[in-house]
Amino acid sequence: MPDESSTLSPRCEQLRTRIRDFVAHQVIPAEAALDAGDRAIRAQLREYAVEAGLWALPLPARYGGGGLTPADYFTVAEIEGRSDHAPEVLGSAALLNARMIDGHADPELREKLLPALVSGQLTMSYAMTEPGGAGSDPAALRTTATPDGTGWRITGRKWFITGAGTADEVLVVARTAPGAMRESLSILAVPATAPGFRVVRELDVLGTGGQYEIEFDAVTVPASRLIGAVGAGATLAGERLALGRTLRALRWVGQAQRAVELLTERAAQRRVDDQPLAERQLVQQMVFDAELAVRSARALTEQAAAAVAADRRAHVEVGFAKVAAARALGLATDHAIQIFGAEGLTAATGLPRLLRVARAARILDGPDEFHIEATARRVIREYTRPPTAAPNRNPLAGN
Ligand SMILES: Cc1cc2nc3c(=O)[nH]c(=O)nc-3n(C[C@H](O)[C@H](O)[C@H](O)COP(=O)(O)OP(=O)(O)OC[C@H]3O[C@@H](n4cnc5c(N)ncnc54)[C@H](O)[C@@H]3O)c2cc1C
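Residues numbered from 1 in each chain as written. Predicted model: local features only at pLDDT ≥ 70, side-chain atom pairs only at ≥ 80, totals over all residues. Heavy atoms only, no water.

Details of the environment of Arg157
Mapping Arg157 onto the fold places it in strand E3 (residues 151–162). Of the residues examined, Arg157 reaches a relative accessible area of 31% and is grouped as partly exposed. Residues Arg157 and Val118 lie 39 residues apart in sequence; the distance between their C-alpha atoms is 27 Å. (Helix = DSSP H or I, 4+ residues; strand = E, 2+ residues; numbered from the N terminus. Buried < 20%, exposed > 50% of the residue type's maximum accessible area, 1.4 Å probe, protein only.)

Here it is as structure tokens:
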């Protein structure tokens, strides 16, 4: 039951309706095929998205995208995210990589990659996490990029890299200097055709694919494939985090909303002892808790979106949103499965898929513990600052 009493622009209002219909009638019915990696179905749905005028909405208009600003895209991201596959099918999943290339790549490389990336002819993965080191600790990164003639030689392994098995290009975060300093990391664009690049295996993540382990075995790339300056890797990676985490949180709220809709519909229909399940207090408790979690997560996620769209510092808002949205999706899906009984465990309900996303959500984009710790530190700092001219004011409000 999202709050529809909005102040959206007519364009965004209309887009919300059209995206909602597209996701409900085209993407959700195809989820099983998309889970199985059916590329023909994905290509067909992408064509439909182009025909429907819904392709690549937040990508730069000068390269063929829809040109929605982050603020406008945030207003449709929850609706789009009702299926975890929809951002890929609608071409908006390329947003973070496109922004990185647009903002920081060598002009020639930018003009080569961006039109194809926006049109969907070229796909790109982002490779940071490595086997053998904690993903939330950049100091643990072992992949190196060393100067090689006029370019770079890259050696290392990455894993859990979404889409890398079929990607044409990989943005790889590599160490260009020893030590734990922020300036020791850089980002390079590596074509999947480069000698020494290898897809090691597809990882089975709770019974589904799409995540890959990849290897760079002395891969060489020209200097023009460095993204931004040498040593700017941590800064560039940080730049994409606030937007990326906020988008994921919005999408998880969309899926949590879907779980609550399934839960309530089933509770109203299913009768036990000639009474709808919805009349049982224990069931009402589950409905209450799931709806409370979704509404709270939506409110926190909208706060994060507002701060990110306004380019304000948003660590606290994004930290709360990420954790709240992951929890809401887990809780709402778990309760929906319980109310469906055994049928809830079957793929036909779509609930196991939501549960899988929910479980990964607590680890993805930095594990929840990392966000809890970092957010709590900031909260403590804010509350214990020497008093300012405005006493009794919540120091975190409106950050
Ligand atoms: C479906 C999926 C898709 C992904 N896609 C990509 C991708 O495209 N590109 C990419 O680079 N990576 C990707 N990842 C990797 C993801 O970003 C990492 O898994 C994540 O950052 C956590 O890193 P890790 O798995 O190494 O866990 P670690 O960092 O080793 O953490 C393991 C556990 O340690 C605990 N922990 C960690 N930090 C703290 C702390 N500060 N306080 C207390 N406890 C803590 C937590 O319980 C945590 O779950 C993906 C992962 C998944 C599951």
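What about the pattern of salt bridges?
Here the structure, examined in full by the defined rule, presents 27 salt bridges. With its nearest N and O atoms 2.8 Å apart, the salt bridge here joins Asp365 to Arg248. With Asp365 in the loop between helix H11 (351–361) and helix H12 (368–383) and Arg248 in helix H8 (residues 233–269), this residue pair connects regions lying 117 residues apart in the sequence. Taking relative accessible area as the criterion, Asp365 reaches 18% and is therefore assigned buried. By relative accessible area, which is 30% here, Arg248 ends up partly exposed. Here Glu291 ties to Arg295 by a salt bridge, and the two come within 2.8 Å at their closest N and O atoms. With Glu291 and Arg295 both in helix H9 (residues 281–309), this residue pair falls four residues apart, about one helical turn. The buried category is assigned to Glu291, whose relative accessible area is 13%. Taking relative accessible area as the criterion, Arg295 reaches 44% and is therefore assigned partly exposed. Connected through shared salt-bridge partners, Glu31, Asp35, Arg258, Arg353 and Arg356 make up one network. (Salt bridge = Lys/Arg side-chain N within 4 Å of Asp/Glu carboxyl O.)

Some points on the site of the ligand
In the vicinity of the ligand there are 20 residues, among which Tyr126, Met128, Thr129, Gly135 and Phe160 approach most closely. Interatomic distance of 2.8 Å between a backbone N/O atom of Tyr126 and a nitrogen atom of the ligand. In the model, an oxygen atom of the ligand is placed 2.9 Å from a nitrogen or oxygen of the Glu369 side chain. Computed on the free molecule, the ligand has an accessible area of 980 Å², of which 69% lies beneath the protein chains in the complex. Elements supplying a minimum of two residues to the shell around the ligand: strand E1 (124–127), E3 and H12. By residue class, the composition of the shell around the ligand is ten nonpolar, seven polar and three charged. (Near = heavy atom within 4 Å. Polar contact = N/O pair within 3.5 Å; in protein donor to acceptor, adjacent residues only side chain to side chain. Areas by Shrake-Rupley, 256 points an atom, 1.4 Å probe, with all protein chains shown as cover. Nonpolar A, V, L, I, M, F, W, Y, C, P; charged D, E, K, R; others polar.)

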